[in-house]
Each structure stands twice: as C-alpha cells, then as structure tokens.
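Residues per chain are reported as follows:
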Amino acid sequence: MRYIISSAEDGLTVKQILLSNIGVSVSHLRHLKFIENGIMLNGEKATVRRRVATGDCLEVAVEDAREGSRLTPTDIPLEMIYEDSAIAVPSKPANMPTHPSHDHHGDTLADALAYRYKDCPTPFVFRPINRLDRNTSGLTLIARDRISAARLSESMREGRIKKQYLAILCGIPEREDGVIETYMRRTEQSIIKREVCDADGGGDYALTRYRVIAKADGYSLVLASPETGRTHQLRVHFSSIGCAILGDDMYGTPSPLISRQALHAVALRLPHPNTSEELSLRARLPEDMRSALISVFGEETEAHLYEYSDFLA
C-alpha cells in the first residue's frame, strides 16, 4: 500500500501515520517491524520513530506472508456483487458455510474465494467482516488485506456499515415498523442455539429494526436491520415475538415452501475502506426465496420489491 504524506501530516512520526491516519492495528504494526520491507519511506526501510514530510511516499506491506493452511481452494461458482483490490462482496448461496469447520472443508465461502484468487500475486487470507449462517443467503463483506479489514472493522464498530435482510415470517408483527430490543444468550442445552433473556441473565444486548412490507394469509414479508451482530439474532428475535422465520427448523418449524430459513441478506451500505466512498449494494433473491415469496404474496409483490428504496438504499 502506498500513502502520500499531506501537508497536515508534516512532522508526524511513521507510527502516528500508521495507527491514526492509515488505520493499521497495533498487532499489525508489530508484525510490520519484523518483516522485510514492511515499512518503507521514499523507497528506504524506515522505523516507526521516523518523522515524515509533506510529499513523502510511505509504503506498507498489507499482504500476509503465506496462505491460511485450513483453506481448500475449490471451484464453486459465486455471484460477485462487488470486488476490487480491497474488498469482495459475494452473494453467498444457501447451504454454504461461511468458513471451514470440523465438518466442512472444501465447501465453504472461504474455499470458493481461495480458488477465485488462487492466481493472484498475493496470498489469499479469508477476512470476513460479517458472517452468515450456513442456510442464510446473501451479501457477505470480505476484506482482502489487513488494513482494509481494520478500517472496515472500525466502520462496523462505529455503526457506519448497514446490513438489511429480507425475511418471510410465519405470523404478522403487531407493529408494521418496529424495534425488537432484548438480551441474548446461549441456551443451557446447546452450544449453538440462542434465546432471549433479561438484562441480568448473562446475555449480550441485541437490537433489531424491521418494517413489514407485505401481509397475506397469516404470513408477513419484512425488511430487517440488525444493529448488533449477535449469533442467530434475526431468527431469535422474530421467534421471540411469535413470528418465526418461515422454514426455520431451529426456532420455528420446517415448511414445504422452502427447505431452509427464508432469510436473505439483500442490501449492504458501507464506506469503502480506501476511498471512504459510500457503496450501496444489493443482491437479487435466490430462486428458493423468490419461489416462496411468490407462493405466499404473489408475483406483484416480488415485482415491486425494490420500490422500498428508502429502506434498502
């Protein structure tokens, strides 16, 4: 990564530029000190105590020395919504884990991206900024280098990255525009399943905003924005108000209309980690979600779905 020193930064140390202006993490800074050509100033190796001047060129190594050993590059087709040298935003299909685990190697989003970028000059390291459940589809934000990951993580903490999901619910919420605000914890019986609890119940705070955009025959179609990122948050929250997501076999009941939870990460808004340009991205509905939506609400609802641009943008 090349960074040109501005007049406002004249006289600062390399360390100040790296931590405050570029967004390098403290751990990455320690890493840079011990790799060859980790920090270069005007073509020469520089220490973090070196002071910079207007117009200086600071170069920082943002790539990892080697690829993560747990990935198995696999040729799995992916629909890419956006990609450049800093970020990748695929629309993850359902029935695909985000990252490898004990039971999943070679069939994950990480493995598919490792194959996609296997011929790039820099090693691929999987850095997801958000994660989706295996059977939740849609937009997944991936950083392609350390600095982009640090900047995006900071944007996430600051609430500058907005995620929006489309869900079909078994039931109709009392309020068409609502907020679900609870605490969430792991259940005693499972290391996977979550439940809502009181503030003093040992859980983490969770907040979801939603809007009902269609109703039919006891079902509702909602757009939902989780403002916190708890495991299974939307699935637990909607179940807690008596409106489990259609097809959710953990927090609701299976459905003949769809073979997994009808939940799709449909829109994402974020500042680009390098340029700060605001990106607004959308993912089309996968066929199983589209079929279930049309079966319940009709083709007209599906045709006019993206007219709700005030919420999706």
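Residues numbered from 1 in each chain as written. Predicted model: local features only at pLDDT ≥ 70, side-chain atom pairs only at ≥ 80, totals over all residues. Heavy atoms only, no water.

This brings us to the overall build of the protein chain. Looking only at helices and strands, one finds eight helices and 16 strands in the protein chain. Across its three principal axes, the protein chain shows a C-alpha extent of roughly 70 × 45 × 40 Å. Here the protein chain holds 313 residues, and 48% of them are scored as buried. In the protein chain, the proportion of contacts linking residues at least 24 apart, taken out of those at least 6 apart, comes to 64%. Carbon and sulfur atoms provide 45% of the accessible area of the protein chain, an area that totals close to 15700 Å². (Helix = DSSP H or I, 4+ residues; strand = E, 2+ residues; numbered from the N terminus. Buried < 20%, exposed > 50% of the residue type's maximum accessible area, 1.4 Å probe, protein only. Contact = heavy atoms within 4.5 Å. Areas by Shrake-Rupley, 256 points an atom, 1.4 Å probe, with all protein chains shown as cover.)

This brings us to unusual backbone geometry. Excluding glycine, residues mostly carry a negative phi; peptide bonds, for their part, are mostly trans. Phi is positive for Asp217, which is not a glycine, with a value near 50°. Secondary-structure assignment places Asp217 in the loop between β13 (204–216) and β14 (219–226).

Attention now moves to the nonpolar core. Ranked by size, the top nonpolar core spans 34 residues in total, and within it Leu166, Ile168, Leu221, Phe238 and Phe297 carry the most contacts. Breaking this core down by element, the ones donating at least two residues are β10 (162–170), β13, β14, α5 (233–240), β15 (263–271) and α6 (287–297). Sequence-distant contacts of Phe297, defined by excluding residues within four places in its chain, comprise Ile168, Ala214, Lys215, Ala216, Tyr219, Ser220 and Leu221. Of all hydrophobic cores here, the second largest spans 18 residues; its members include Tyr3, Ile5, Ile22 and Ala46. (Core = buried A, V, L, I, M, F, W, Y, C linked by side-chain atoms within 4.5 Å.)

It is worth spelling out the sheet that holds strand β4 (residues 57–60) at this point. Taken in spatial order, the four strands make up an open sheet running β1-β4-β2-β3, and their pairing is antiparallel. Each edge of the open sheet is held by one strand with a lone partner, namely β1 (2–4) and β3 (44–45). Note that β1 and β4 share three bridges and pair antiparallel. Of the residues in β4, the one forming a bridge with Arg2 is Glu59. Lying over the sheet, helix α1 (residues 14–22) contacts β1, β2 (39–41) and β4, oriented at roughly 70° with respect to β4. (Pairing = 2+ DSSP bridges. Axes fitted to C-alpha atoms, helices over the stretch in contact; angles between N-to-C directions.)

Bridge count for strand β5 (residues 79–83) against strand β6 (residues 87–92) is four bridges, and the pairing is antiparallel. Following the sheet pairing, Met80 is matched in β6 by Pro90.

With six of eight residues buried, helix α3 (residues 109–116) is to be regarded as a mostly interior element. Residues Leu109, Ala110, Asp111, Ala112, Leu113 and Ala114 constitute the buried set of α3. Looking at the buried side of α3, the elements it contacts are β5, β6 and β9 (142–143). The distance from a side-chain oxygen at the start of α3 to the backbone nitrogen of Ala110 is 3.4 Å, and the residue carrying that oxygen is Thr108. (Polar contact = N/O pair within 3.5 Å; in protein donor to acceptor, adjacent residues only side chain to side chain.)

This next bit is on α1. Among the residues making up α1, those that are buried are Val14, Ile17, Leu18 and Ile22. Here the buried residues of α1 occupy an arc of 95° about the axis, which is enough to place them on one side. Residue Gly23 follows α1 closely and has a positive phi angle near 95°. (Arc of directions from axis to C-beta.)

Across all of its chains, the model carries four aromatic pairs by this definition. For the pair Tyr117 and Phe124, a centre-to-centre distance of 5.7 Å together with 40° between the ring planes defines the contact as tilted. Judged by relative accessible area, Tyr117 falls into the buried class, the value being 5%. Take Phe124: its relative accessible area is 6%, and that puts it in the buried class. (Phe/Tyr/Trp six-rings, centres within 6.5 Å; stacked < 30°, edge-to-face > 60°.)

A word on the side chain of Asp248. Position of Asp248 relative to the elements: it lies in the loop between α5 and β15. Engagement of the side chain of Asp248 in a polar contact is seen with the backbone nitrogen of Met250, the distance being 3.0 Å. Look past the residues within four positions of Asp248 in its chain and what remains in contact with it is Arg235, Thr253 and Gln261.

Right, let's get into the pattern of salt bridges. In total, this model carries 14 salt bridges according to the counting rule given. Linking Glu83 and Arg116 is a salt bridge whose minimum nitrogen-to-oxygen distance equals 2.6 Å. Placement of Glu83 in strand β5 and of Arg116 in helix α3 is noted, with a sequence separation of 33 residues between them. Its relative accessible area of 32% is what places Glu83 among the partly exposed residues. Residue Arg116 is classed as partly exposed on the basis of its relative accessible area, which comes to 40%. Where Asp133 meets Arg235, a salt bridge forms, and the shortest distance between an N and an O atom there is 3.0 Å. Residue Asp133 is located in the loop between β7 (127–128) and β8 (137–139), and its partner Arg235 is located in helix α5; the two are separated by 102 residues in the primary sequence. (Salt bridge = Lys/Arg side-chain N within 4 Å of Asp/Glu carboxyl O.)

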